[in-house]
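# Survey of secondary and tertiary structure
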Amino acid sequence: MEITIKELDNKGFAMARENDKRAGIMTYSVAGKEQIIIDHTEVEPEFKGKGVGMKLLHKIVEMAREKNIKILPLCPFANAMFKKHEDIRDVLK
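The structure displayed is predicted, hence computed values, not measured ones.

Definitions and cut-offs
- Residues numbered from 1 in each chain as written.
- Predicted model: local features only at pLDDT ≥ 70, side-chain atom pairs only at ≥ 80, totals over all residues.
- Heavy atoms only, no water.
- Helix = DSSP H or I, 4+ residues; strand = E, 2+ residues; numbered from the N terminus.
- Expected span 1.5 Å × (residues − 1).
- Buried < 20%, exposed > 50% of the residue type's maximum accessible area, 1.4 Å probe, protein only.
- Contact = heavy atoms within 4.5 Å.
- Polar contact = N/O pair within 3.5 Å; in protein donor to acceptor, adjacent residues only side chain to side chain.
- Pairing = 2+ DSSP bridges.

### What about helix H1 (residues 52–67)?
- Here H1 is 16 residues long and its end C-alpha atoms lie 23 Å apart, about the 22 Å a rise of 1.5 Å per residue gives.
- Along H1, the positions that sit buried rather than exposed are Val52, Gly53, Met54, Leu56, Leu57, Ile60, Val61, Met63 and Ala64.
- For H1, the elements touching its buried residues are strand E1 (2–8), strand E2 (11–18), strand E3 (21–30), strand E4 (35–43), strand E5 (70–73) and helix H2 (76–84).
- Once H1 finishes, Asn68 follows within two positions and takes phi at roughly 55°, a positive value.

Structure representation (structure tokens):
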């Protein structure tokens, strides 16, 4: 599974693709130089239950660590994952 991050102006997303099919997407807004806000996660029906959402979140967490920024998870899925997984809380706002 390939996961890419794209950003334009103050919006961005991580997209998961497998065999040229979109598996899922996690969108965020850039809120200044030190923070992003994850606002939506969507996984295609045929990829549900395969950990796609968590892979997308890990990719964004990796990016946040590289840029030394924090994440505010307004998306219910991302918020729940930050509560469940201690190993990613270092980037939590």
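### Looking at the side chain of Ser29
- You can see Ser29 is positioned in strand E3.
- Taking relative accessible area as the criterion, Ser29 reaches 16% and is therefore assigned buried.
- Side chain to side chain, Ser29 and Asp39 meet in a polar contact 3.2 Å long.
- Apart from the residues lying within four places of it in its own chain, the contact partners of Ser29 are Asn10, Lys11, Gln35, Ile36, Ile37 and Asp39.

### Notes on the pairing of E3
- Bridge analysis of E2 against E3 gives eight bridges, and the strand direction is antiparallel. Bridging across to E3, Lys11 finds its partner in Ser29.
- In this structure, E3 lies alongside E4, joined through seven bridges in antiparallel fashion. Residue Ile25 lies in a different strand from E4, and its bridge partner there is Glu42.

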